[in-house]
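# Understanding the architecture of this molecule
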Amino acid sequence: MTTHPLADIASWAETPGPNGIPSVCSAHPIVLEACMRAVLPTSLPLLIEATCNQVNQDGGYTGMTPQDFRDRVFAIANRTGFPHERLILGGDHLGPNPWKALPPDAAMQKAETMIAAYARAGFTKLHLDCSMGCAGEPVALGDHQTAARAARLAAAAEAAQPGAPVPPPVYIIGTEVPVPGGAMEALDTLEITSPAAARTTVDIHRAAFAQAGLTAIFNRVIGLVVQPGVEFGNHNVIDYASPAARALSAARADLPGMVFEAHSTDYQTPAALTALVRDGFAILKVGPGLTFALREALYGLDLIAEELHPGVRPICLRATLEQVLLDHPAYWLSYYEGTPEEQRLLRHFSLSDRIRYVWPDPRADAAVTTLLEMLGADAIPEPLISQYLGQIAARVRAGHLAADANTLLLASIETALAPYIAATQELQGR
(Lines give C-alpha, C1' and ligand atoms only; values in the text may rest on other atoms or scores of the structure.)
Protein backbone atom coordinates (compact mmCIF):
# COMPACT_ATOMS: atom_id res chain seq x y z
CA MET A 1 0.00 0.00 0.00
CA THR A 2 1.35 3.44 -0.96
CA THR A 3 1.98 5.63 2.08
CA HIS A 4 0.50 9.11 2.05
CA PRO A 5 3.20 11.83 2.09
CA LEU A 6 1.46 13.54 5.04
CA ALA A 7 0.86 10.36 7.04
CA ASP A 8 3.77 11.10 9.39
CA ILE A 9 3.52 14.90 9.47
CA ALA A 10 3.18 14.81 13.26
CA SER A 11 6.81 13.62 13.48
CA TRP A 12 8.30 16.06 10.98
CA ALA A 13 9.47 18.47 13.67
CA GLU A 14 11.75 15.79 15.14
CA THR A 15 13.45 14.85 11.86
CA PRO A 16 15.54 16.69 9.27
CA GLY A 17 13.48 18.39 6.58
CA PRO A 18 10.30 20.45 6.59
CA ASN A 19 8.40 20.90 9.83
CA GLY A 20 5.07 21.75 8.25
CA ILE A 21 3.42 22.56 4.97
CA PRO A 22 1.56 25.46 3.36
CA SER A 23 -1.88 24.60 2.06
CA VAL A 24 -2.72 26.60 -1.07
CA CYS A 25 -6.48 27.15 -1.17
CA SER A 26 -7.09 28.62 -4.60
CA ALA A 27 -8.46 27.52 -7.94
CA HIS A 28 -7.03 30.40 -9.98
CA PRO A 29 -4.66 29.05 -12.65
CA ILE A 30 -2.19 31.95 -12.35
CA VAL A 31 -2.02 31.47 -8.58
CA LEU A 32 -1.50 27.74 -8.98
CA GLU A 33 1.30 28.24 -11.50
CA ALA A 34 3.02 30.77 -9.25
CA CYS A 35 2.82 28.41 -6.27
CA MET A 36 4.32 25.57 -8.29
CA ARG A 37 7.19 27.84 -9.29
CA ALA A 38 7.72 28.86 -5.66
CA VAL A 39 7.66 25.34 -4.22
CA LEU A 40 9.61 23.59 -7.01
CA PRO A 41 13.11 24.47 -5.69
CA THR A 42 12.26 23.25 -2.17
CA SER A 43 11.94 19.78 -0.67
CA LEU A 44 8.24 20.30 0.05
CA PRO A 45 5.35 18.65 -1.70
CA LEU A 46 2.75 21.12 -2.93
CA LEU A 47 -0.60 20.83 -1.16
CA ILE A 48 -3.43 22.40 -3.17
CA GLU A 49 -6.94 22.41 -1.76
CA ALA A 50 -10.38 23.18 -3.14
CA THR A 51 -13.37 24.04 -0.97
CA CYS A 52 -16.85 22.59 -1.18
CA ASN A 53 -18.09 25.93 -2.52
CA GLN A 54 -15.40 26.24 -5.18
CA VAL A 55 -15.55 22.72 -6.56
CA ASN A 56 -18.27 20.09 -6.29
CA GLN A 57 -20.35 17.74 -8.43
CA ASP A 58 -22.60 20.69 -9.36
CA GLY A 59 -19.63 22.81 -10.44
CA GLY A 60 -19.33 25.20 -7.50
CA TYR A 61 -18.56 28.84 -8.18
CA THR A 62 -15.63 27.86 -10.42
CA GLY A 63 -17.81 25.66 -12.60
CA MET A 64 -15.48 22.73 -11.94
CA THR A 65 -16.10 19.22 -10.66
CA PRO A 66 -13.32 17.55 -8.63
CA GLN A 67 -12.10 15.77 -11.77
CA ASP A 68 -12.06 19.09 -13.66
CA PHE A 69 -10.00 20.68 -10.88
CA ARG A 70 -7.55 17.79 -10.85
CA ASP A 71 -7.17 18.05 -14.63
CA ARG A 72 -6.49 21.79 -14.34
CA VAL A 73 -3.83 21.29 -11.67
CA PHE A 74 -2.04 18.55 -13.59
CA ALA A 75 -2.16 20.53 -16.85
CA ILE A 76 -0.52 23.49 -15.10
CA ALA A 77 2.04 21.12 -13.57
CA ASN A 78 2.86 19.77 -17.03
CA ARG A 79 3.35 23.28 -18.36
CA THR A 80 5.40 24.36 -15.34
CA GLY A 81 7.50 21.23 -15.04
CA PHE A 82 6.25 20.42 -11.55
CA PRO A 83 6.43 16.65 -10.82
CA HIS A 84 3.04 15.01 -10.40
CA GLU A 85 4.31 12.88 -7.55
CA ARG A 86 4.95 16.02 -5.48
CA LEU A 87 1.34 17.19 -5.78
CA ILE A 88 -1.18 16.57 -3.01
CA LEU A 89 -4.80 17.46 -3.70
CA GLY A 90 -7.07 18.26 -0.78
CA GLY A 91 -10.71 19.07 -0.18
CA ASP A 92 -11.62 21.69 2.43
CA HIS A 93 -14.85 21.97 4.45
CA LEU A 94 -16.26 18.90 2.74
CA GLY A 95 -19.78 18.51 4.02
CA PRO A 96 -23.33 19.74 3.42
CA ASN A 97 -22.56 23.47 3.48
CA PRO A 98 -23.41 24.15 -0.22
CA TRP A 99 -26.79 22.47 0.29
CA LYS A 100 -27.61 23.41 3.89
CA ALA A 101 -30.94 24.91 2.76
CA LEU A 102 -32.08 21.34 2.05
CA PRO A 103 -33.42 18.90 4.67
CA PRO A 104 -30.59 17.09 6.49
CA ASP A 105 -30.87 13.74 4.70
CA ALA A 106 -30.95 15.35 1.27
CA ALA A 107 -28.04 17.64 2.09
CA MET A 108 -25.96 14.76 3.44
CA GLN A 109 -26.66 12.68 0.35
CA LYS A 110 -25.31 15.55 -1.74
CA ALA A 111 -22.29 15.76 0.56
CA GLU A 112 -21.64 12.02 0.21
CA THR A 113 -21.78 12.32 -3.56
CA MET A 114 -19.36 15.24 -3.38
CA ILE A 115 -16.74 13.60 -1.18
CA ALA A 116 -16.92 10.43 -3.25
CA ALA A 117 -16.20 12.53 -6.35
CA TYR A 118 -13.23 14.12 -4.58
CA ALA A 119 -11.84 10.72 -3.54
CA ARG A 120 -12.44 9.19 -6.97
CA ALA A 121 -10.55 12.06 -8.62
CA GLY A 122 -7.48 11.46 -6.46
CA PHE A 123 -7.91 14.02 -3.69
CA THR A 124 -6.19 12.44 -0.70
CA LYS A 125 -6.39 15.04 2.09
CA LEU A 126 -10.00 15.46 3.10
CA HIS A 127 -11.36 17.87 5.71
CA LEU A 128 -14.60 16.51 7.12
CA ASP A 129 -16.84 19.42 8.13
CA CYS A 130 -20.45 18.64 9.02
CA SER A 131 -20.80 21.24 11.74
CA MET A 132 -23.43 23.37 10.04
CA GLY A 133 -27.13 22.77 10.49
CA CYS A 134 -29.39 22.11 7.53
CA ALA A 135 -33.05 23.03 7.04
CA GLY A 136 -34.92 22.88 10.34
CA GLU A 137 -31.74 22.45 12.41
CA PRO A 138 -29.75 24.84 14.60
CA VAL A 139 -27.15 26.95 12.79
CA ALA A 140 -24.36 24.96 14.43
CA LEU A 141 -24.66 21.29 15.40
CA GLY A 142 -23.34 19.63 18.53
CA ASP A 143 -20.14 17.59 18.58
CA HIS A 144 -21.81 14.17 18.54
CA GLN A 145 -24.03 14.86 15.53
CA THR A 146 -21.16 16.57 13.71
CA ALA A 147 -18.87 13.59 14.33
CA ALA A 148 -21.48 11.03 13.27
CA ARG A 149 -21.98 12.83 9.95
CA ALA A 150 -18.21 13.14 9.49
CA ALA A 151 -17.86 9.38 9.89
CA ARG A 152 -20.61 8.92 7.31
CA LEU A 153 -18.64 11.03 4.84
CA ALA A 154 -15.41 9.17 5.59
CA ALA A 155 -17.15 5.91 4.73
CA ALA A 156 -18.28 7.39 1.40
CA ALA A 157 -14.74 8.54 0.63
CA GLU A 158 -13.27 5.15 1.48
CA ALA A 159 -15.72 3.37 -0.81
CA ALA A 160 -14.75 5.64 -3.73
CA GLN A 161 -10.95 5.29 -3.47
CA PRO A 162 -9.35 4.72 -6.88
CA GLY A 163 -6.63 2.44 -5.46
CA ALA A 164 -2.92 2.27 -6.28
CA PRO A 165 -0.91 4.28 -7.06
CA VAL A 166 -3.14 6.82 -5.28
CA PRO A 167 -2.60 6.38 -1.52
CA PRO A 168 -5.53 6.03 0.88
CA PRO A 169 -6.70 9.46 1.99
CA VAL A 170 -5.78 11.17 5.23
CA TYR A 171 -8.42 13.13 7.10
CA ILE A 172 -8.75 16.40 8.97
CA ILE A 173 -11.48 16.89 11.56
CA GLY A 174 -12.71 19.91 13.49
CA THR A 175 -14.10 23.22 12.34
CA GLU A 176 -13.36 26.07 14.77
CA VAL A 177 -13.11 28.59 11.95
CA PRO A 178 -15.54 30.82 10.01
CA VAL A 179 -17.73 29.22 7.37
CA PRO A 180 -16.20 28.67 3.92
CA GLY A 181 -15.73 32.08 2.33
CA GLY A 182 -14.41 33.90 5.38
CA ALA A 183 -15.51 35.90 8.38
CA MET A 184 -18.62 38.02 7.91
CA GLU A 185 -18.25 40.28 10.93
CA ALA A 186 -15.83 42.95 12.10
CA LEU A 187 -12.98 41.37 14.02
CA ASP A 188 -11.39 42.52 17.24
CA THR A 189 -10.47 39.50 19.34
CA LEU A 190 -10.79 35.74 18.96
CA GLU A 191 -11.44 32.95 21.40
CA ILE A 192 -8.63 30.41 21.18
CA THR A 193 -9.67 26.77 21.23
CA SER A 194 -9.34 25.35 24.71
CA PRO A 195 -7.21 22.22 25.21
CA ALA A 196 -10.26 20.45 26.64
CA ALA A 197 -12.31 21.26 23.54
CA ALA A 198 -9.57 19.96 21.25
CA ARG A 199 -9.31 16.69 23.15
CA THR A 200 -13.10 16.30 23.29
CA THR A 201 -13.44 16.82 19.53
CA VAL A 202 -10.92 14.07 18.87
CA ASP A 203 -12.47 11.67 21.40
CA ILE A 204 -15.99 12.14 20.05
CA HIS A 205 -14.86 11.65 16.47
CA ARG A 206 -12.88 8.55 17.42
CA ALA A 207 -15.99 7.08 19.04
CA ALA A 208 -18.16 7.98 16.04
CA PHE A 209 -15.73 6.33 13.64
CA ALA A 210 -15.67 3.22 15.84
CA GLN A 211 -19.46 3.07 15.93
CA ALA A 212 -19.48 3.26 12.12
CA GLY A 213 -16.95 0.41 11.87
CA LEU A 214 -14.15 2.78 10.83
CA THR A 215 -11.72 2.33 13.72
CA ALA A 216 -8.80 1.57 11.42
CA ILE A 217 -9.69 4.54 9.22
CA PHE A 218 -9.45 6.89 12.20
CA ASN A 219 -5.73 6.11 12.32
CA ARG A 220 -5.50 8.21 9.16
CA VAL A 221 -6.89 11.30 10.87
CA ILE A 222 -3.71 13.40 10.88
CA GLY A 223 -4.98 16.80 11.90
CA LEU A 224 -7.45 18.83 13.89
CA VAL A 225 -8.71 22.26 12.87
CA VAL A 226 -8.49 24.62 15.83
CA GLN A 227 -8.55 28.37 16.40
CA PRO A 228 -5.04 29.45 17.47
CA GLY A 229 -6.00 33.12 17.49
CA VAL A 230 -5.51 34.10 13.84
CA GLU A 231 -8.04 35.63 11.47
CA PHE A 232 -8.55 38.53 9.12
CA GLY A 233 -11.52 40.71 8.27
CA ASN A 234 -12.12 43.28 5.59
CA HIS A 235 -9.74 45.84 7.06
CA ASN A 236 -7.58 44.16 9.67
CA VAL A 237 -5.56 41.11 10.65
CA ILE A 238 -5.39 39.47 14.06
CA ASP A 239 -1.82 38.27 14.43
CA TYR A 240 -0.80 35.07 16.13
CA ALA A 241 0.41 35.49 19.71
CA SER A 242 2.34 32.41 20.78
CA PRO A 243 2.00 32.97 24.56
CA ALA A 244 -1.80 33.12 24.29
CA ALA A 245 -1.88 29.75 22.49
CA ARG A 246 0.63 28.02 24.78
CA ALA A 247 -1.92 25.77 26.49
CA LEU A 248 -3.48 24.73 23.18
CA SER A 249 -0.06 24.06 21.70
CA ALA A 250 0.86 21.85 24.67
CA ALA A 251 -2.35 19.83 24.24
CA ARG A 252 -0.98 18.28 21.07
CA ALA A 253 1.04 15.97 23.31
CA ASP A 254 -2.27 14.31 24.18
CA LEU A 255 -3.09 13.76 20.50
CA PRO A 256 -0.40 11.41 19.15
CA GLY A 257 -0.11 11.25 15.40
CA MET A 258 -1.93 14.56 14.91
CA VAL A 259 -1.01 18.13 14.15
CA PHE A 260 -3.14 21.22 14.33
CA GLU A 261 -4.39 22.80 11.11
CA ALA A 262 -4.57 26.60 11.14
CA HIS A 263 -7.08 28.19 8.80
CA SER A 264 -7.15 31.85 7.76
CA THR A 265 -3.41 32.40 8.21
CA ASP A 266 -3.51 34.87 5.31
CA TYR A 267 -1.53 38.08 5.89
CA GLN A 268 0.24 36.76 9.01
CA THR A 269 3.78 38.08 9.44
CA PRO A 270 6.76 35.82 8.69
CA ALA A 271 7.54 35.69 12.42
CA ALA A 272 3.97 34.69 13.25
CA LEU A 273 3.95 31.95 10.61
CA THR A 274 7.22 30.55 11.93
CA ALA A 275 5.83 30.59 15.47
CA LEU A 276 2.68 28.78 14.36
CA VAL A 277 4.69 25.92 12.86
CA ARG A 278 6.98 25.79 15.89
CA ASP A 279 3.93 25.51 18.16
CA GLY A 280 2.46 22.54 16.30
CA PHE A 281 0.15 24.28 13.81
CA ALA A 282 1.91 22.47 11.01
CA ILE A 283 -0.63 22.99 8.22
CA LEU A 284 -0.93 26.65 7.25
CA LYS A 285 -3.97 27.38 5.10
CA VAL A 286 -3.69 30.38 2.78
CA GLY A 287 -6.02 31.43 -0.03
CA PRO A 288 -7.37 34.99 -0.12
CA GLY A 289 -3.88 36.30 0.69
CA LEU A 290 -2.66 34.79 -2.59
CA THR A 291 -5.55 36.03 -4.71
CA PHE A 292 -5.17 39.43 -3.04
CA ALA A 293 -1.57 39.45 -4.33
CA LEU A 294 -2.86 38.41 -7.76
CA ARG A 295 -5.40 41.25 -7.80
CA GLU A 296 -2.85 43.74 -6.48
CA ALA A 297 -0.37 42.88 -9.23
CA LEU A 298 -3.00 42.86 -11.97
CA TYR A 299 -4.25 46.29 -10.90
CA GLY A 300 -0.66 47.54 -10.93
CA LEU A 301 -0.17 46.17 -14.45
CA ASP A 302 -3.53 47.70 -15.41
CA LEU A 303 -2.24 51.15 -14.45
CA ILE A 304 1.06 50.52 -16.19
CA ALA A 305 -0.80 49.62 -19.37
CA GLU A 306 -2.68 52.91 -19.22
CA GLU A 307 0.61 54.77 -18.86
CA LEU A 308 2.25 52.95 -21.77
CA HIS A 309 -0.79 52.57 -24.04
CA PRO A 310 -3.30 55.26 -23.07
CA GLY A 311 -6.74 54.91 -24.58
CA VAL A 312 -6.00 51.71 -26.50
CA ARG A 313 -8.52 49.63 -24.56
CA PRO A 314 -12.17 50.70 -24.49
CA ILE A 315 -12.30 49.70 -20.80
CA CYS A 316 -9.54 48.91 -18.31
CA LEU A 317 -9.35 45.78 -16.16
CA ARG A 318 -10.50 47.44 -12.94
CA ALA A 319 -13.54 48.99 -14.59
CA THR A 320 -14.42 45.61 -16.09
CA LEU A 321 -14.17 43.98 -12.67
CA GLU A 322 -16.45 46.65 -11.19
CA GLN A 323 -19.11 45.82 -13.77
CA VAL A 324 -18.78 42.10 -13.10
CA LEU A 325 -18.97 42.59 -9.33
CA LEU A 326 -22.07 44.75 -9.59
CA ASP A 327 -23.69 42.06 -11.72
CA HIS A 328 -22.97 39.44 -9.00
CA PRO A 329 -23.87 41.04 -5.65
CA ALA A 330 -24.40 37.63 -4.03
CA TYR A 331 -20.62 37.20 -3.88
CA TRP A 332 -19.99 40.31 -1.75
CA LEU A 333 -23.07 42.26 -0.65
CA SER A 334 -23.72 40.44 2.64
CA TYR A 335 -20.02 40.69 3.54
CA TYR A 336 -19.42 44.38 2.84
CA GLU A 337 -21.28 46.85 5.01
CA GLY A 338 -21.26 50.65 4.84
CA THR A 339 -22.10 53.38 2.39
CA PRO A 340 -22.06 52.74 -1.37
CA GLU A 341 -18.62 54.35 -1.54
CA GLU A 342 -17.30 52.19 1.31
CA GLN A 343 -18.69 49.10 -0.41
CA ARG A 344 -17.05 50.13 -3.67
CA LEU A 345 -13.64 50.27 -1.99
CA LEU A 346 -14.21 46.93 -0.27
CA ARG A 347 -15.23 45.28 -3.53
CA HIS A 348 -11.73 45.90 -4.83
CA PHE A 349 -9.45 46.17 -1.81
CA SER A 350 -10.91 44.15 1.08
CA LEU A 351 -8.52 41.69 2.71
CA SER A 352 -11.35 39.17 2.45
CA ASP A 353 -10.81 39.47 -1.31
CA ARG A 354 -14.23 38.37 -2.42
CA ILE A 355 -13.29 39.58 -5.87
CA ARG A 356 -11.75 36.12 -6.20
CA TYR A 357 -15.23 34.73 -6.82
CA VAL A 358 -15.64 36.56 -10.12
CA TRP A 359 -12.31 35.89 -11.82
CA PRO A 360 -13.88 32.92 -13.70
CA ASP A 361 -16.44 35.27 -15.32
CA PRO A 362 -15.70 35.36 -19.08
CA ARG A 363 -15.52 39.17 -19.05
CA ALA A 364 -12.95 39.19 -16.25
CA ASP A 365 -10.93 36.43 -17.88
CA ALA A 366 -10.94 38.21 -21.24
CA ALA A 367 -9.88 41.49 -19.62
CA VAL A 368 -6.87 39.79 -17.98
CA THR A 369 -5.91 38.16 -21.27
CA THR A 370 -6.18 41.50 -23.10
CA LEU A 371 -4.04 43.22 -20.47
CA LEU A 372 -1.26 40.64 -20.56
CA GLU A 373 -1.27 40.49 -24.37
CA MET A 374 -1.07 44.28 -24.58
CA LEU A 375 1.99 44.39 -22.32
CA GLY A 376 3.43 41.29 -23.96
CA ALA A 377 7.04 40.27 -23.42
CA ASP A 378 8.39 43.80 -23.53
CA ALA A 379 10.41 45.04 -20.57
CA ILE A 380 8.40 47.45 -18.46
CA PRO A 381 10.37 50.57 -17.47
CA GLU A 382 11.73 50.29 -13.93
CA PRO A 383 10.20 53.57 -12.73
CA LEU A 384 6.73 52.23 -13.57
CA ILE A 385 7.49 48.96 -11.76
CA SER A 386 8.60 50.99 -8.75
CA GLN A 387 5.45 53.10 -8.89
CA TYR A 388 2.87 50.34 -9.35
CA LEU A 389 4.59 47.08 -8.30
CA GLY A 390 6.85 48.39 -5.60
CA GLN A 391 6.96 45.16 -3.59
CA ILE A 392 9.12 43.48 -6.24
CA ALA A 393 10.90 46.51 -7.74
CA ALA A 394 14.15 45.89 -5.86
CA ARG A 395 14.42 42.38 -7.31
CA VAL A 396 14.00 43.74 -10.83
CA ARG A 397 16.64 46.38 -10.24
CA ALA A 398 19.04 43.76 -8.85
CA GLY A 399 18.60 41.67 -11.99
CA HIS A 400 16.83 38.82 -10.20
CA LEU A 401 13.59 39.24 -12.13
CA ALA A 402 12.83 39.95 -15.77
CA ALA A 403 10.69 43.03 -16.28
CA ASP A 404 7.95 41.56 -18.49
CA ALA A 405 4.36 41.52 -17.26
CA ASN A 406 3.92 37.76 -16.87
CA THR A 407 7.10 37.37 -14.85
CA LEU A 408 6.15 40.27 -12.60
CA LEU A 409 2.66 38.88 -12.05
CA LEU A 410 3.89 35.42 -11.08
CA ALA A 411 6.65 36.86 -8.89
CA SER A 412 4.13 38.94 -6.95
CA ILE A 413 2.21 35.82 -5.98
CA GLU A 414 5.39 33.85 -5.26
CA THR A 415 6.41 36.66 -2.91
CA ALA A 416 3.15 36.25 -0.99
CA LEU A 417 3.73 32.51 -0.57
CA ALA A 418 7.42 32.77 0.31
CA PRO A 419 6.91 33.38 4.08
CA TYR A 420 4.83 30.21 4.32
CA ILE A 421 7.53 28.14 2.66
CA ALA A 422 10.19 29.70 4.88
CA ALA A 423 8.12 29.12 8.05
CA THR A 424 7.69 25.42 7.38
CA GLN A 425 11.44 24.97 6.95
CA GLU A 426 12.67 27.47 9.57
CA LEU A 427 13.35 24.81 12.22
CA GLN A 428 14.85 22.29 9.82
CA GLY A 429 17.14 19.76 11.46
CA ARG A 430 16.76 21.02 14.99
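Predicted model only: the values in this text are computed from it and were never measured. (Residues numbered from 1 in each chain as written. Predicted model: local features only at pLDDT ≥ 70, side-chain atom pairs only at ≥ 80, totals over all residues. Heavy atoms only, no water.)

## Brief notes about helix H14 (residues 390-397)
Where H14 is concerned, the buried positions are Ile392, Ala393 and Val396. The buried residues of H14 occupy an angular sector of 130° when the element is viewed end-on, so they sit on one face. Phi turns positive one or two residues past the end of H14, at Gly399, with a value near 85°. (Buried < 20%, exposed > 50% of the residue type's maximum accessible area, 1.4 Å probe, protein only. Helix = DSSP H or I, 4+ residues; strand = E, 2+ residues; numbered from the N terminus. Arc of directions from axis to C-beta.)

## Looking at the nonpolar core
Counting 136 residues, the largest nonpolar core has Phe69 and Leu417 as its most contacted members. For this core, the element with the highest residue contribution is helix H15 (residues 405-425), accounting for ten residues. Leu417 has contacts with Pro22, Val24, Cys35, Ala38, Val39, Val286 and Leu290, leaving out every residue within four places of it along the chain. (Core = buried A, V, L, I, M, F, W, Y, C linked by side-chain atoms within 4.5 Å. Contact = heavy atoms within 4.5 Å.)

## Regarding the pairing of strand S6 (residues 221-226)
With respect to burial, S6 is a largely interior element, six of its six residues being buried. As defined by bridge partners, strand S5 (residues 170-173) adjoins S6 across three bridges and the pair is classed as parallel. Its bridge partner lying in S6, Tyr171 is registered against Val221. For S6 and strand S9 (residues 259-262), the ladder comprises four bridges, and the chain directions are parallel. Looking at S9, one finds that Leu224 is bridged to Phe260. (Pairing = 2+ DSSP bridges.)

## Describing helix H2 (residues 66-80)
Over its 15 residues, H2 extends 21 Å from the first C-alpha to the last, a length consistent with the 21 Å expected when each residue adds 1.5 Å. Among all positions in H2, only Pro66, Phe69, Val73, Phe74, Ile76, Ala77 and Thr80 are buried. Angularly, the buried residues of H2 cover 155° about the axis, an arc narrow enough to put them on a single face. Along H2, the residues that are exposed and aim more than 90 degrees away from the buried face are Asn78 and Arg79. On its buried side, H2 packs onto helix H1 (29-39), strand S2 (46-51), strand S3 (87-94) and helix H3 (104-120). Downstream of H2 by a residue or two, Gly81 has a phi angle that is positive, lying close to 80°. (Expected span 1.5 Å × (residues − 1).)

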